[in-house]
2 protein chains.
Amino acid sequence: MYTASELASWRQALARLWVDSIPLAAAMGVKIRRLDNDVLQLAAPLAPNRNHMGSAFGGSLQGLATLAGWGVTLVSAGPPESCHVVVREAQMRFLIPVNGELIAEASMPPAAAVATFRMGLQERGRARLTVPVAIRGPSEAPAARFIGEFVAFARES
Amino acid sequence: MYTASELASWRQALARLWVDSIPLAAAMGVKIRRLDNDVLQLAAPLAPNRNHMGSAFGGSLQGLATLAGWGVTLVSAGPPESCHVVVREAQMRFLIPVNGELIAEASMPPAAAVATFRMGLQERGRARLTVPVAIRGPSEAPAARFIGEFVAFARES
């Protein structure tokens, strides 16, 4: 469980990281819509992310889902600045077109998975986390499903 | 086999489609580096596609590979404007960081695969094509591997 103050720090740290360091996230207009003990939800407007059909470009959906999975991995790994994270594998299935705002939602992993992940980081200096991400559709069913494997590396302290 | 004039028309059609219709492709700086009977090669500069580590952002690599696979599917389907194409599934494995220009290379499918694909389009109005794409690394081995499943839909004529 994260305190409200820890979650507020993470919101700031992720927003700064993406806006300052990833020009494509800025071009996509990525915003953190929600970050709490259950979920990280990212949103991006359709206009800069549209394709030739007027719906969301597959590359934008992959980018947004990758950021969501990466964010969950960073938050799960420990305090901000304690490690860095890279994506190792990404898979996305596109189910229905997204005709409005792009919304990617990644659930926070269960406590036991976080404990195992952090133990790996402490003992070996690196650990893997698999993060499923759903792209919101017009109804309950997701418009696309993503699953990413992320690797965290402890920073020298 | 495509004639030089067909290939030149395709280069123009793809460049126009992406620049005019996909703002993110413009933001990434995507260029068609090569299009012939063997391969479609796309390139994008590192600067607008970098991540927090100074290497290529995973979302940019997924976007570039998706465009390359989509382009090969369009070219394989028949003359420009004869159909439209969507990505159905995308999978990418990131092997080594890309520290310079991003280059995605998709091989043109074998003639027999193109024949089957076009027959499906004619008979059912839609057909699927699976396209592997490699992201160039500093040596012969690719920096990342992508495989995408694309669906083409014949336009009403």
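Predicted model, so just to flag it, every value in this text is computed and none were measured. Position numbers for residues start from 1 in each chain and track the written sequence from start to end. Chain letters and ligand numbers both follow the written order, the letters beginning at A and the numbers at 1. For a predicted model such as this one, the threshold for reporting local features is a pLDDT of at least 70, and the threshold for listing and counting side-chain atom pairs is 80 or more; totals across whole chains, interfaces and linings nevertheless cover every residue. Computation of side-chain values covers all heavy atoms of the structure but excludes hydrogens and water.

**As for the relation of the copies chain A and chain B**
And then number 1: The copies were overlaid with a least-squares fit restricted to C-alpha atoms from residues scoring a pLDDT of at least 70 in each copy. When chain A is fitted to chain B, the best match, at an RMSD of 0.0 Å, comes from turning it 180 degrees and sliding it 0.0 Å along the axis. In short, the pair behaves as if placed about a two-fold rotation axis. When C-alpha distances to the rotation axis are compared across chain A, the minimum falls at A:Gln91, with a value of 2.1 Å.
And then number 2: It only takes one pair of heavy atoms within 4.5 Å for two residues to be counted as in contact. Here 100% of the contact residues of chain A are again contact residues in chain B; the copies associate through an equivalent surface.

**Re the interface of chain A and chain B**
The parts lose accessible area when they come together, and the size of an interface is often stated as this lost area.
And then number 1: On the chain B side, the residues contacting the 34 residues of chain A number 34 residues.
And then number 2: Buried area counts how much accessible surface, traced with a 1.4 Å probe, disappears from two parts once they are put together, with both parts' losses summed. Interface of chain A and chain B: buried area, both sides summed, is about 3100 Å²; carbon and sulfur atoms make up 60% of it.
And then number 3: Taken as a group, A:Leu24, A:His52 and A:Phe57 account for 22% of the area that chain A buries against chain B, more than any other trio of residues on that side.
And then number 4: A carboxyl oxygen of Asp or Glu within 4 Å of a side-chain nitrogen of Lys or Arg is what we treat as a salt bridge. Linking chain A with chain B are 2 salt bridges, by the criterion used here.
And then number 5: With a closest N to O distance of 2.4 Å, A:Glu89 and B:Arg93 form a salt bridge.
And then number 6: In DSSP terms, a helix is any run of H or I states spanning at least four residues, a strand is any run of E spanning at least two, and both are numbered starting from the N terminus. Broken down by secondary-structure element, the contributors of at least two residues to the side of chain A that touches chain B are helix H1 (4-21), helix H2 (23-28), helix H3 (58-77) and strand S3 (83-94) of chain A.
And then number 7: Tallying contributions element by element places S3(A) first for the side of chain A that touches chain B, with 10 residues.
And then number 8: Here the residues of the side of chain A that touches chain B are counted per class, giving 18 nonpolar, 12 polar and 4 charged. Amino acids are sorted into nonpolar (Ala, Val, Leu, Ile, Met, Phe, Trp, Tyr, Cys and Pro), charged (Asp, Glu, Lys and Arg) and polar (every other residue, Gly among them).

**Quick word on the pairing of strand S2 (residues 39-44) of chain B**
Residues in a regular strand point their side chains to alternate faces of the sheet.
Residues and elements named next belong to chain B.
And then number 1: Extensive coverage of S2 is indicated by the burial of 6 of its 6 residues.
And then number 2: For two strands to be treated as a pair, DSSP must find no fewer than two bridges joining them. Where strand S1 (residues 31-35) meets S2, 4 bridges bridge the pair, whose relative direction is antiparallel. Within S2, the position partnered with isoleucine 32 by the bridge is leucine 42.
And then number 3: Linking two consecutive strands that pair antiparallel, namely S1 and S2, is a turn of 3 residues.
And then number 4: Bridge analysis of S2 against strand S4 (residues 102-107) gives 6 bridges, and the strand direction is antiparallel. Its bridge partner lying in S4, leucine 40 is registered against alanine 106. Relative accessible area decides the class of each residue, using a 1.4 Å probe on protein chains only: under 20% of the type maximum gives buried, over 50% gives exposed, and in between gives partly exposed.

**Structural notes on the packing of aromatic side chains**
Ring pairs (aromatic) are described by centroid distance and by the angle formed between their planes.
Residue and element names in this part refer to chain A.
And then number 1: Only rings of Phe, Tyr and Trp enter the pairing, Trp through its six-membered ring, and a pair is recorded when the two centres are within 6.5 Å. The plane angle decides the type: under 30 degrees is stacked, over 60 is edge-to-face, the rest tilted. Following the criterion strictly, the structure yields 2 aromatic pairs over all chains and no others.
And then number 2: On the basis of an interplanar angle of 40 degrees and a centroid distance of 6.1 Å, the ring pair of tryptophan 18 and tryptophan 70 is categorised as tilted. Placement of tryptophan 18 in helix H1 and of tryptophan 70 in helix H3 is noted, with a sequence separation of 52 residues between them. Just as tryptophan 18 is buried, tryptophan 70 falls in that class too.

**Comments concerning H1(A)**
All names here are of chain A.
And then number 1: In this model H1 runs 25 Å from its N-terminal to its C-terminal C-alpha over 18 residues, within 8% of the 26 Å that 1.5 Å per residue would give.
And then number 2: Turning to H1, its buried residues are Leu7, Trp10, Ala13, Leu14, Trp18 and Ser21. Buried residues of H1, seen end-on, are gathered within an arc of 125 degrees and therefore sit on one face of the element. In H1, the exposed positions that point more than 90 degrees away from the buried face belong to Ala4, Ser5, Gln12, Val19 and Asp20. Take the number of residues in a helix, subtract one, and multiply by 1.5 Å to get its expected span. Note that the arc is defined by the directions from the helix axis to the C-beta atoms.

**Some remarks on the environment of A:Tyr2**
Residues and elements named next belong to chain A.
And then number 1: On the secondary structure map, tyrosine 2 appears in the segment before H1.
And then number 2: Residues tyrosine 2 and glycine 120, 118 residues apart in the sequence, show an inter-C-alpha distance of 20 Å.
And then number 3: For tyrosine 2, the side chain forms a polar contact with the main-chain oxygen of valine 75, separated by 3.2 Å. Each polar contact in these results corresponds to two N or O atoms within 3.5 Å; when the atoms are within protein, one needs to be able to donate a hydrogen and the other to accept it, and residues that are neighboring in sequence are counted only if both atoms are side-chain atoms.

**A closer look at the packing of helix H1 (residues 4-21) of chain B against helix H3 (residues 58-77) of chain B**
Between two packed helices, the angle of one axis relative to the other and the distance separating the axes together describe the packing.
Residues and elements named next belong to chain B.
And then number 1: To obtain each axis, a line is fitted to C-alpha atoms, and for helices this fit is confined to the stretch in contact; angles are then taken between N-to-C directions over 0 to 180 degrees. At their nearest, the axes of H1 and H3 sit 11 Å apart, and the two run at 135 degrees to each other. With respect to H3, the element H1 is oriented oblique. Taken as a pair, H1 and H3 cross one another with a handedness that is right-handed. Contacts between H1 and H3 involve Trp10, Leu14, Leu17 and Trp18 from the former and Leu67, Trp70, Gly71, Leu74 and Val75 from the latter.
And then number 2: Residues belonging to the contact of H1 with H3 are distributed by class as follows: 8 nonpolar, 1 polar and no charged. Angle categories: roughly parallel below 35 degrees, roughly antiparallel above 145, roughly perpendicular from 65 to 115, and oblique for all the rest. Crossing handedness is defined as follows: a turn of the near helix away from the far one that is anticlockwise and smaller than a right angle gives a left-handed crossing, while the clockwise case is right-handed.

**Section: the nonpolar core**
And then number 1: By size, the foremost hydrophobic cluster in this structure holds 104 residues, and its most contacted members are A:Trp18 and B:Trp18.
And then number 2: When sequence neighbours within four positions are dropped, the list of residues in contact with B:Trp18 reads B:Ala25, B:Val30, B:Ile32, B:Leu42, B:Leu67, B:Trp70 and B:Gly71. Throughout, nonpolar core names a set of buried Ala, Val, Leu, Ile, Met, Phe, Trp, Tyr and Cys residues whose side chains join them through atoms within 4.5 Å.

**Regarding H3(A)**
All names here are of chain A.
And then number 1: Counted at 1.5 Å a residue, the expected span for H3 with its 20 residues is 28 Å, and the 29 Å between its end C-alpha atoms agrees.
And then number 2: Counting buried residues in H3 gives 20 out of 20 residues, a clear majority hidden from the surface.
And then number 3: Glycine 78 sits one or two positions beyond H3 and adopts a positive phi of about 145 degrees.

**Remarks on the pairing of strand S4 (residues 102-107) of chain A**
And then number 1: As judged from the 3 bridges shared by S4(A) and strand S5 (residues 126-135) of chain A, these two strands associate in the antiparallel manner. In the sheet register, A:Glu105 faces S5(A), and the bridge partner there is A:Ala134.

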